Amino acid sequence: MDKFVVKGGKRLEGEITISGAKNAAVAILPAVLLCDEVCRIENVPEISDVSVMIRILYELGAKVKMINRDTIEIDPTGVGSCMVSADMSNRMRASSYFMGAMLGRFNRAKVAPPGGCDFGVRPIDQHIKGFEALGAKVVIDNGMVDAKADQLIGAPVYLDKVSVGATINIILASVKARGMTVIENAAKEPHIVDLANFLNSMGADIMGAGTNVIKIRGVRSLHGTTYSIIPDQIEAGTYMVAAAVTGGNVLIKNVIPKHLESIIAKLVETGATVEQYDDSLRVIGPERPKHCNIITLPHPGFPTDMQPQMAVLLSVAEGTSIITDSVWDNRFRYVDQLTIMGAQIQVDGRVAVISGVEKLKGAPVAATDLRAGAAMILAGLCADGVTEIENIEYIDRGYSNVVEKLNAVGGDIKRVNIPPQNVIPQAL
Ligand code: UD1
C-alpha cells in the first residue's frame, strides 16, 4: 500500500499535458462489446479504472492488445459470456455500463450492482427504467441485476432525473435495438457526446448527443474503428486549480476549452487569470484568491466532480464562500480531512460554508474518494509543511501519472510505500 508525501509551498510553473477522459474511457471500453470487428482506441488514460475495465473485457473473452502506453486494440468477437461478477463490478461505478452493452449485444446481461465512490445513495432505477422501456425484463437475482429480452425494441424514455449513467446505459442498449429510441431529459456531459461519436464512427445512428434529447436509430451491426478519446475535463480542472492555489503559472495542454467554461468562470471569479488558446489554457494564480459561491449542476453547470478541488482554493480565499452540491447528497466527507489541515468549513447537508484562512498546514490525511483525494493533493501543495495522504488507491483510479505531472511543474510529491504493519485500517 502506498501514500503520497507532498511538501507544500512550491509555486507551480511550466506545462502539464492532460490525458484521455476517464469517464469517456469507462463508457467507450464496454461499448466495444457491441462491435463485430477489432477497435483501436487512442488517448486511453493510464488509470486503475481503465485497468479494471480491460480486465473485465479480457475475462469476458475479448482479446486485448496494448499497442503503446495510451493505445489499445480490442477484439470483442470471441466474447461469449454476458456476466460480470461482484468481484469486478464492486470496484467501480462504471461497471454498470456492461449491463447496457451486453444487453445490446446478447439481449441478456447479468451484472452485480456497481461499486464506486460513496457519495450517499447511488440508485440505478433510471437505468432499469430505460432497459424496461426497450422491452427487457429486469430482476434482481442472487444479488445480480439480471436483464433479458427476446428482442430490444426502440422506445421513448423520459429520465425523471438527469443521469449520466442512465443516459449512457440506454444509449448502449438501444444502439442495435429495432427502431428508434428517444431519450428525453438526457444528460449532456462531454463524455456522452464522446461515446456517441465513438459509436457513430462504428456505424451507429445517434443524433442529439450533447442536448437533452438524444435519438438513437437502431442499426444491425457495428464495424471496427480507430477512435481517440477526448481530454479529461476534470483532470484539466484539477490542474487549473493547482496552478491557481499555488499562485502559479501553468499552461494546461490538450484540453477542449469549451468543456471547461464553468470552471474557468469560477476561477476568474476567485481572481485567477485564464488565457484560452485552441487546445490549451494558461492559468495564472492570484496572490490570494477571492471568495465565491458555487452550485454544482449537470453539464453545462459546474461539475460536482470539481467541488472538492474548488473547496481547497476557497479554504484559503479572502472571505466566506458557499458550495452547494445539488447532484449528490453526501459529497462533503473530505471536509473532515481539510479541517485537520486548518480549513474552516461548516457542512449542513448539501451545503458547505467555507471561511477562508490565510494558510493550510500540512498534516497526515486520507483520501475519502477519488476527487476528494485530488483535493488533498491540492491542499498539500499550497499548505505550509508536509502532508501525507493515505488511501491513494482512490486517486490512482482517475489521475494518470499525477506525481510525474506535478513534479514536472515544480511540485514536490512522492509516492512512498507503507510497510503493511503501519497501514491504518480504512475506517479512518
Ligand atoms: C457520473 C460520474 C461521476 C459524477 C456524476 C455526476 C462516471 C463514471 N461517473 O456518475 O463522477 O459525479 O456522473 O456528474 O461518469 N440517480 C438516480 N437514479 C439513477 C441514476 C442516478 O436517482 O438511476 C441520481 C443520483 O443519485 C445522483 C444523480 O442522479 O443524485 C446524478 O447521478 P448520475 O449522473 O447517474 O451519476 P453517475 O453516472 O453515477
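Residues numbered from 1 in each chain as written. Predicted model: local features only at pLDDT ≥ 70, side-chain atom pairs only at ≥ 80, totals over all residues. Heavy atoms only, no water.

Trainee: An account of the packing of helix α1 (residues 22-31) against helix α4 (residues 97-106) is needed here, citing residue identities and associated values.
Mentor: Where α1 meets α4, the closest approach of the two axes is 9 Å, and the angle between their N-to-C directions is 25°. Our classification of the angle between α1 and α4 gives roughly parallel. The hand of the α1/α4 crossing is right-handed. From α1, Val26, Ala27 and Pro30 reach across to α4, where they touch Tyr97, Phe98 and Ala101. (Axes fitted to C-alpha atoms, helices over the stretch in contact; angles between N-to-C directions. Helix = DSSP H or I, 4+ residues; strand = E, 2+ residues; numbered from the N terminus. Parallel < 35°, antiparallel > 145°, perpendicular 65-115°, else oblique. Left-handed = near helix turned anticlockwise from the far one by under 90°. Contact = heavy atoms within 4.5 Å.)

Trainee: Give a description of the sheet that holds strand β6 (residues 83-84) that names residues and reports values.
Mentor: Each strand in a sheet pairs with its neighbour through backbone hydrogen bonds, running either in the same direction (parallel) or in the opposite one (antiparallel). Sheet architecture is open: 4 strands sit in the order β6-β7-β9-β8, paired in mixed fashion. Strands at the two margins of the open sheet, each flanked by one partner only, are β6 and β8 (137-141). (Pairing = 2+ DSSP bridges.)

Trainee: Quick rundown of the site of the ligand? Include the residues and the values.
Mentor: Taken together, 21 residues surround the ligand, and among them Gln126, Ser163, Val164, Asp305 and Val327 come closest. Contact between the ligand and Trp328: an oxygen atom at 3.0 Å from a side-chain N or O atom of the residue. In this structure, Arg331 approaches the ligand through a side-chain N or O atom, which is 3.5 Å from an oxygen atom. For the ligand, whose free accessible area comes to 740 Å², the fraction covered by protein is 90%. If you list the elements that add at least two residues to the shell around the ligand, you get α5 (125-133) and α6 (164-174). Here the element with the most residues in the shell around the ligand is α5; it accounts for 3 residues. Taken together, the residues of the shell around the ligand sort by class into 8 nonpolar, 7 polar and 6 charged. (Near = heavy atom within 4 Å. Polar contact = N/O pair within 3.5 Å; in protein donor to acceptor, adjacent residues only side chain to side chain. Areas by Shrake-Rupley, 256 points an atom, 1.4 Å probe, with all protein chains shown as cover. Nonpolar A, V, L, I, M, F, W, Y, C, P; charged D, E, K, R; others polar.)

Trainee: Account for the sheet that holds strand β5 (residues 71-75), with residues named and values stated.
Mentor: A sheet is described by the order of its strands in space; here 4 strands give the open sequence β4-β5-β3-β14, paired in mixed fashion. With one partner strand each, in any of the chains shown, β4 (63-68) and β14 (226-228) form the two edges of the open sheet. Taken pair by pair, the neighbouring strands of this sheet meet at an average axis angle of 20°, ignoring direction. Of the pairings in the sheet, the one linking strand β3 (residues 39-42) to β5 comprises 3 bridges and is antiparallel in character. Counted as the bridge partner of Ile41 is Ile72 from β5. Here helix α7 (residues 190-201) sits on the sheet in contact with β3 and β14, set at roughly 165° to β14.

Trainee: Which residues make up the domain arrangement of the chain, and what values do they have?
Mentor: Quoted interface sizes are often the accessible area lost when the parts come together. Here the domain parsing of the chain yields domain 1 (2-19 + 231-417) and domain 2 (22-228). Taking only C-alpha atoms into account, the centre of domain 1 sits 30 Å from that of domain 2. Taking both partners together, domain 1 and domain 2 bury about 2,000 Å²; carbon and sulfur atoms supply 49% of that area. One salt bridge in this structure joins Arg397 and Asp49, with 2.9 Å as the shortest N-O distance. Those elements that provide at least two residues to the side of domain 1 that touches domain 2 are α12 (370-382) and α13 (393-396). Residue classes in the side of domain 1 that touches domain 2 are distributed as 6 nonpolar, 9 polar and 10 charged. (Domains from an automatic or database assignment. Buried area = accessible area lost by both parts, 1.4 Å probe. Salt bridge = Lys/Arg side-chain N within 4 Å of Asp/Glu carboxyl O.)

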